[in-house]
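So you can see what is in the structure, the chains are spelled out below.
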Amino acid sequence: MASRLRLDERSFRLPAGLTRSADDRVLAGVGGGIGHHLGVDPTVVRLALVVLSFANGLGLALYLAGWAMLPADRAGDAPGTVEDRPPSAERAVGLGLLTLGTLLLFGQAGLLLPAGVVWAVALSAIGFGLVWTRTDEESRTRGLLLRVVGGGLLLVVGLGLLFASGGVLSTIGGLGLAVLATGVGVTLLLGPWIARLWRDLTVERRERIRSEERSEIAAHLHDSVLQTLALIQRAEAPGRARTLARRQERELRAWLFDERPPDNAGVAATIGTALERVVTDVEDVHDVEVDLVVVGECPMEPRLDALVAAVREAAHNAARHAGVAEVSVYVEVEPHKVTAYVRDRGKGFVLDTVESGRVGVRESIIGRMARHGGRAEVHTGPSEGTEVVLEVGRNPTREGVT
Amino acid sequence: MTAPRVFLVDDHQMFRAGVRAELGEAVEVVGEAADVESAVQGLRATDPEVVLLDVHLPGGGGRAVLETIKPERPDLVFLALSVSDAAEDVIAVIRAGARGYVTKTISSDDLAAAITRVRDGDAVFSPRLAGFVLDAFAGDPPTEAADPQLEQLSPREREVMRLIARGYTYKEIARRLSLSVKTVETHVSAVLRKLQLSSRHELTRWATDRRLI
């Protein structure tokens, strides 16, 4: 319901899809957004806006309207404050031009301001824009110094001109004027830094609180729920309860202690998470314990999908046919290959007798591995247990996470 | 063979009671403790052979107990027991001197066997611990190691670790590699010693990655 309302409000205001560009922008991304929407080079749009600005400030009005009304093109990135954008001299000049244009527009509207004031304010705006850019990532470069000194100078000159020209402010006495000028200058120069510092501090504090809370929860859950789950597994609980306890213990532990890259839309990001899912599934379906040990870690790739699928099949087979409560899965990730062992101590079987009849081993395991350039071996015999060895090469151009 | 004298250190009363009941005749429980302080006092007052030590304990964790008691009683062997098998927890306790590590979900029979084995001087490797060790010693041999003998696993030791990680018992490994069980135990003890003594730069990095150090 809420989203519906929001949609209505939007469609009433704007053509769908027209946004302020977050990536391609000089000032607020209006030119970039319009350009992308119309399929025109944003520079053309920007030039058009500048040209239109000379026609009674129409371009300027359009730009300001766009800034105010167009949504930012990324959710959560909405009305972007200036300090969130990458630094650029263009933006400073743009800000200056915008200020200049606005003042000229005032002039045309009959609100006459002395020319000195107009230029001084525009100059100050450029200086302010230069100072007021993001500095986190470039704080150690020479460019910063140049920018700040240049910007500060422009700002001071601009303000000086403004106050020297008297105009509207001439009624305040000399001392008041000096105090005011210093105050405005300092505020303009340092304000953004203080604001940014404050914001960084807030973000950091929020992060710290969050991680503290998380480790507190982790400690608590570890001391309570995880222990209970372990106890249930030890007790003579019915098979179903044991399976559930095992599964929840695994999930909880993964949530508490794992720092693997998050999965993307239900697709496991690494072979470790993919295998954990396989194990959870097998334990869910059959009342067995699957002991998974993974050495090394790497991102998933198509050939590894085949390996994981074969592991799944082998583990299912072991759980279904071996008649034991425990299955071991061991996977080792090496730079150029991944090897998996699925083992049980069950009753085993004579390979020749089942080979023609059962699709599982021959097709889902041996065939699948062969198709992906890997190999599969089954070591078994009556009452000897079964071990399935799977091996597939890795794409050597892709670097593992280890 | 007499039943090993065991001291239980675990902050969960239910768990201690469960272990006591399940192990029954297999071991003689001489004491229990629920936190680091009472464990240290209890261990000084009693004469156990094996300490079943929970990795997570109020007051500093199992590692704190190990670091306090081990210098006073070097003969005492510790078997780490944990519900969380996060790599950093396990390796930290092993590095502090525990002779082995098992998870709390281990069956009673296996637990009794593991206790007897550490009592008799062997190391106890669960598949998961073997996996952690292989992970920690993975990669190329170090280039400027202080003691290459110590800084990496021999091919045989690596092979034994792999088989343990694959779920094989010492007896099965011995048969498979045509060795005596005693030789397998020697290899396993050597790996444990390397893990505890190694200053290997790779191991340090591995530990740092897992916030161990």
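Residues numbered from 1 in each chain as written. Chains lettered and ligands numbered in written order. Predicted model: local features only at pLDDT ≥ 70, side-chain atom pairs only at ≥ 80, totals over all residues.

S.K.: Could you give an account of the overall build of chain B, with specific residues and numbers?
M.R.: A count of helical and extended segments in chain B gives eleven helices and six strands. In chain B, which comprises 213 residues, the proportion classed as buried is 48%. Contacts in chain B between residues far apart in sequence, at least 24 positions, make up 63% of those at least 6 positions apart. (Helix = DSSP H or I, 4+ residues; strand = E, 2+ residues; numbered from the N terminus. Buried ≥ 20, exposed ≤ 12 C-beta atoms within 10 Å, placed from the backbone. Contact = placed C-beta atoms within 7 Å.)

S.K.: Break down the sheet that holds strand β2 (residues 326-333) of chain A for me, citing the residues and quoting the values.
M.R.: On the basis of which strands lie adjacent, the open sheet formed by five strands has the order β1-β2-β3-β5-β4 (chain A) and mixed pairing. With partners counted over all chains shown, the strands left at the sheet margins are β1 (289-295) and β4 (375-380) of chain A, one partner each. Across the sheet, the axes of successive neighbouring strands diverge by a mean angle of 10 degrees, strand direction being ignored. By the bridge criterion, six bridges tie β4(A) to strand β5 (residues 386-393) of chain A in an arrangement that is antiparallel. Residue Thr380(A) lies in a different strand from β5(A), and its bridge partner there is Thr386(A). Sheet contacts for helix α11 (residues 302-321) of chain A: β1, β2, β3 (337-344), β4 and β5 of chain A; angle to β5(A), the most-contacted strand, approximately 175 degrees. Sitting on the sheet, helix α6 (residues 127-136) of chain B is in contact with β1 and β2 of chain A, with an inclination near 10 degrees to β1(A). (Pairing = 2+ DSSP bridges. Axes fitted to C-alpha atoms, helices over the stretch in contact; angles between N-to-C directions.)

S.K.: Could you give an account of the environment of Arg99(B), naming the residues involved and the relevant values?
M.R.: Structurally, Arg99(B) is set in the loop between α4 (87-95) and β5 (100-103). Counting along the chain gives 94 residues from Arg99(B) to Arg193(B), while the straight-line C-alpha distance between them is 9.4 Å.

S.K.: Explain the sheet that holds strand β3 (residues 50-54) of chain B residue by residue, including any values.
M.R.: All names here are of chain B. Strand order in the open sheet made by the six strands is β2-β1-β3-β4-β5-β6, with parallel pairing throughout. The open sheet has two free edges, formed respectively by β2 (28-33) and β6 (124-125), since each of these has just one partner strand. For strand β4 (residues 77-82) and β5, the ladder comprises three bridges, and the chain directions are parallel. The residue of β5 that forms the bridge with Ala80 is Tyr101. Running over the sheet, helix α3 (residues 61-72) touches β1 (5-9), β3 and β4 and is turned about 150 degrees from β3.

S.K.: Break down the interface of chain A and chain B for me, citing the residues and quoting the values.
M.R.: Residue-level contacts link 18 residues of chain A with 19 residues of chain B. Residue classes in the side of chain A that touches chain B are distributed as nine nonpolar, five polar and four charged. (Nonpolar A, V, L, I, M, F, W, Y, C, P; charged D, E, K, R; others polar.)

S.K.: Can you tell me about unusual backbone geometry, naming the residues and giving the values?
M.R.: Residues and elements named next belong to chain B. Even without being a glycine, Ser178 presents a positive backbone phi close to 55 degrees. The residue Ser178 is located in the loop between α9 (170-176) and α10 (181-197) in this model. Judged by C-beta crowding, with 7 C-beta atoms within 10 Å, Ser178 ranks as exposed.

S.K.: Describe the environment of Ala254(A), with residues and values.
M.R.: With respect to the secondary-structure elements, Ala254(A) resides in helix α9 (residues 239-257). When the C-alpha positions of Ala254(A) and Thr273(A) are compared, they lie 9.4 Å apart, and in sequence the two are 19 residues distant.

S.K.: I'd like a rundown of the confidence of the model for chain B, residues and numbers included.
M.R.: All names here are of chain B. Within chain B, residue pLDDT values average 82, and 85% of them lie at 70 or more. Looking across chain B, the model is least confident in helix α11 (residues 201-209), with a mean pLDDT of 61, and most confident in β1, with 92. The ipTM value of the predicted complex is 0.78, and its pTM value is 0.58. (pLDDT = per-residue confidence, 0-100.)

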